[in-house]
Amino acid sequence: MRRWTAGLAAATLLATATPVMAAWGAPPGAQLTADVNRDGLLTRADDAGEETWTDTRGAIFLPNLDDDQRRCTVDPADLEKPGRAVDEKLAACNDGADDRINGARDAADLAPLRVDAQRNLSGAATASITIAPAGKARVFANGRATNTLTAAELRRGVRLALEGRDIVRDPARWDGKITVTLTVTDRDRTSTDTVRMRVAPLMFQNDLQPAETVLAGQPTDGPGWWDGNLPYPDGVPGEWQPFATSLRKATASTAAQLRFVEGTPKGWKDMWLQDTFEPATASMPAVGGPHTIRILIRSGNVWEVGGVDTPRPAGRLLYRDLRGPDVGIVQELSKTASPGLDDLLNTGGNLESLPPYDGYPHGRIVYGSGERHPDPGFITMVTSQGYQPPVVIDTSWLIVGHADETTHVVRANNERGWTLAVADPRLAVKLLRDVQRQGGGGQRLFADTNSPSKPTVDQVLSTGLADNEAAAEHIDEQLKILLKATGLRADELVRLPVMFERVPGFGLLRAMTPGLVNGLSLTDRQFAAPDPHGPKLGGRDVFRHATEQALGQNGVRVRWVEDFFWAHLGGGEVHCSTNALRDTSRATPWWVNGSGAGAVPGNGTR
């Protein structure tokens, strides 16, 4: 809305004589235009309601945190340093941190604004542009960062570009909205125009979207993470080559590119790519369709290294290997190292998402909490974006404690097009009893691996299975929450056999057999699952067969990946040791049919 004021004498003249007004000149009439109607254009249709922002109308800008000219570099010596200084330095370098436009690609990441030409101004006219709150964005005019405009610029009109400099981290501190005010002054007359804008939220991808890039770890020369604890050949953790070969074969069945990320200079210490970060996107309207950049959410882990609180060093590899054009990194690290096992919940593996469904056009975030819980600052940042309200399940009974250990979204032949694959300890027991009844009690689990333990079916069933039943009861409680939150029926679930056991000395549970739900969706019809190495009946692995049958009924084909030593014995699976950047181009833009209602931290369904 435009406003103008003048001195008392001028006001009197204007009130009494129109001819005087004509001779004196029209008021400045500041006119600032933003893409309020979200069509990518700047037109008069954007004028109405420009001072307010709603889910259905209001201008949008991106958090410009990528590195379009790859000017941000990482010193290899920094990757292993203890303390936070390295991490603060890495996060401080991005396109939004400097005061210039970093090439044409960077220019596309800026939101357009326009100041209309005002030819009746005198040569003394000036204009200022203010942004409140300050520091959340900056404006460029004719390629230069500025907060003032000259009379010459005002006379011919100016195209502006607005650059976002941060994301929403805590709505109590900043809700993502800014006010941009243009103030034009000519002698003693002043006119203002104001527009309200919002930074694009971080939107989680989901497992029905096809993977464009699959990421996995690759060890460097040097001592392995588990050296001395398990009989790994050649000092390489977990037989990486069989894992890499089978993952490469699985990925080759799709259009996805497979990329291996090498570890830190002193040797591979952290191969959990899923746990290091969670991929998200940020989008704004543009001519021809949404303009989108990827924003990778670094895990909130902080470890004690040499007596110094140090953010998870593998997270620094994101800045070295993944940050670049249209790919930015954000971090909201724990203030101190989390107590005990709580820190395990501050990871990407504990952040999952549900696809869109009735009432939730952009899906929902799922994360695990309970007696152990994620760092408050980290989870507040994740869940405060406003358009994918969280569902919280209890994962604190698991030694690792991640949401991806017990459920996984898969396509389904139902009305909504998807359901949940669920780890089912009771089904695993049933299959073992079937093998035993048919004379296979001497069949060994993990027989074709280098596992130090290869129990027979009889031995497993003779343990009493109390720990396995305890896991089943915990999963039952998770499903009560998930079924209520999604409206799925129990008979729509895809149940996959996974045996659980208690971890000595901790009292917490883990998957004894490879966790079949803890795999990687390559597409909605291709699922890379960990080879279960289950007992055989008639020469056929009964866990494999049950998984292929269950997923196959929904049109999903299983691609088997060998991860027993590389991931399973370390407490994870294929999903934990990989990550995927997905094609989100078909997703409904967050500003369409969107609502931030209810997306407040702590308001997840319990």
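Because the structure is predicted, anything quoted here is derived from the model rather than measured. (Residues numbered from 1 in each chain as written. Predicted model: local features only at pLDDT ≥ 70, side-chain atom pairs only at ≥ 80, totals over all residues. Heavy atoms only, no water.)

1. Things to note about the nonpolar core
Counting residues in each nonpolar core, the largest one holds 59 residues, and the members touching the most others are Leu149, Leu160, Leu162 and Met197. Within the second largest apolar cluster, 39 residues are counted, among which are Tyr357, Val410, Val422 and Leu509. (Core = buried A, V, L, I, M, F, W, Y, C linked by side-chain atoms within 4.5 Å. Buried < 20%, exposed > 50% of the residue type's maximum accessible area, 1.4 Å probe, protein only.)

2. Structural notes on helix H3 (residues 85–92)
Of all the residues in H3, the buried ones are Val86, Asp87 and Leu90. On an axial view of H3, the arc spanned by its buried residues comes to 95°, and they lie on one face. Exposed residues lying more than 90 degrees from the buried face of H3 are Ala85, Glu88 and Lys89. (Helix = DSSP H or I, 4+ residues; strand = E, 2+ residues; numbered from the N terminus. Arc of directions from axis to C-beta.)

3. Looking at the packing of helix H10 (residues 425–437) against helix H12 (residues 466–486)
Where H10 contacts H12, the two axes come as close as 8 Å, and the packing angle between them is 140°. If you check the angle between H10 and H12, you find them oblique. The residues of H12 that touch H10, namely those facing Pro425, Arg426 and Val429, are Asn468, Glu469, Ala471, Ala472, Glu473, Ile475 and Asp476. Of the residues assigned to the contact of H10 with H12, the class counts are five nonpolar, one polar and four charged. (Axes fitted to C-alpha atoms, helices over the stretch in contact; angles between N-to-C directions. Parallel < 35°, antiparallel > 145°, perpendicular 65-115°, else oblique. Contact = heavy atoms within 4.5 Å. Nonpolar A, V, L, I, M, F, W, Y, C, P; charged D, E, K, R; others polar.)

4. Structural notes on the pairing of strand S19 (residues 327–330)
The alternating pattern of S19 places Val327 and Ile329 and Gly328 and Val330 on opposite faces, both of which are buried. Judged from the four bridges that link them, strand S16 (residues 291–298) and S19 form a sheet pairing that is parallel. Looking at S19, one finds that Ile297 is bridged to Val330. (Pairing = 2+ DSSP bridges.)

5. With respect to the environment of Ala421
Looking at the element boundaries, Ala421 is found in strand S24 (residues 418–424). Along the backbone, Ala421 and Thr406 are 15 residues apart, and their C-alpha atoms lie at a distance of 8.3 Å. Ignoring anything within four residues of it in the chain, the contact list for Ala421 reads Thr406, Thr407, His408, Val410, Val494, Leu496 and Val517.

6. Topic: the state of the cysteines
This model, assessed by the stated rule, comprises one disulfide. The partner cysteine of Cys72 in its disulfide is Cys93, sulfur to sulfur 2.0 Å. Here Cys72 and Cys93 share a disulfide; its torsion about the S-S bond, -85°, makes the bridge left-handed. Here Cys72, found in the loop between strand S3 (59–61) and H3, pairs with Cys93, found in the loop between H3 and helix H4 (103–107); they are 21 residues apart in sequence, far enough to count as distant. Overall, Cys93 belongs to the partly exposed group, its relative accessible area being 21%. (Disulfide = S-S within 2.5 Å.)

7. Examining the packing of H10 against helix H13 (residues 542–552)
For the pair H10 and H13, interaxial distance at closest approach is 10 Å and the crossing angle is 125°. By the criterion of interaxial angle, the relationship of H10 to H13 is oblique. Between H10 and H13 lies a crossing of right-handed hand. When H10 is examined against H13, the residues Ala428, Leu431, Leu432 and Val435 are found in contact with a partner set consisting of Val542, Phe543 and Ala546. Residues of the contact of H10 with H13, tallied by class, amount to seven nonpolar, no polar and no charged. (Left-handed = near helix turned anticlockwise from the far one by under 90°.)

8. Side note on the side chain of Asp321
With respect to the helices, strands and loops of the structure, Asp321 is situated in helix H8 (residues 316–321). There is a polar contact of 2.8 Å between the side chain of Asp321 and the side chain of Arg320. Look past the residues within four positions of Asp321 in its chain and what remains in contact with it is Arg259, Val261 and Glu262. (Polar contact = N/O pair within 3.5 Å; in protein donor to acceptor, adjacent residues only side chain to side chain.)

9. Quick look at the sheet that holds strand S12 (residues 203–204)
Read across the sheet, four strands follow the order S12-S15-S16-S19 without closing on themselves; strand pairing throughout is mixed. Since the sheet does not close on itself, it has two edges, and those belong to S12 and S19, each with one partner. Here S12 pairs with strand S15 (residues 277–284) via two bridges, running antiparallel. If you follow Phe204 over to S15, its bridge partner there is Ala280.

10. Details of the side chain of Thr276
By the secondary structure assignment, Thr276 is in helix H7 (residues 273–276). Reaching out from Thr276, the side chain makes a polar contact with the backbone oxygen of Trp272 at a distance of 2.8 Å. Among all residues touching Thr276, those that are not within four sequence positions of it are Ile297, Arg298, Ser299, Ala314, Gly315 and Leu318.

11. Topic: the pattern of salt bridges
The final tally for this structure, using the stated rule, is 34 salt bridges. Connected through salt bridges with shared partners, the residues Arg44, Asp47, Arg114 and Asp116 form a single ionic network. (Salt bridge = Lys/Arg side-chain N within 4 Å of Asp/Glu carboxyl O.)

12. Here's the deal with the pairing of strand S33 (residues 578–582)
Burial of S33 is extensive: five of the five residues sit out of reach of the surface. Where burial is concerned, the two faces of S33 agree: the one with Thr578, Ala580 and Arg582 and the one with Asn579 and Leu581 are both buried. Note that strand S13 (residues 211–218) and S33 share five bridges and pair antiparallel. When the bridges of S33 are listed, Ala211 appears paired with Arg582.

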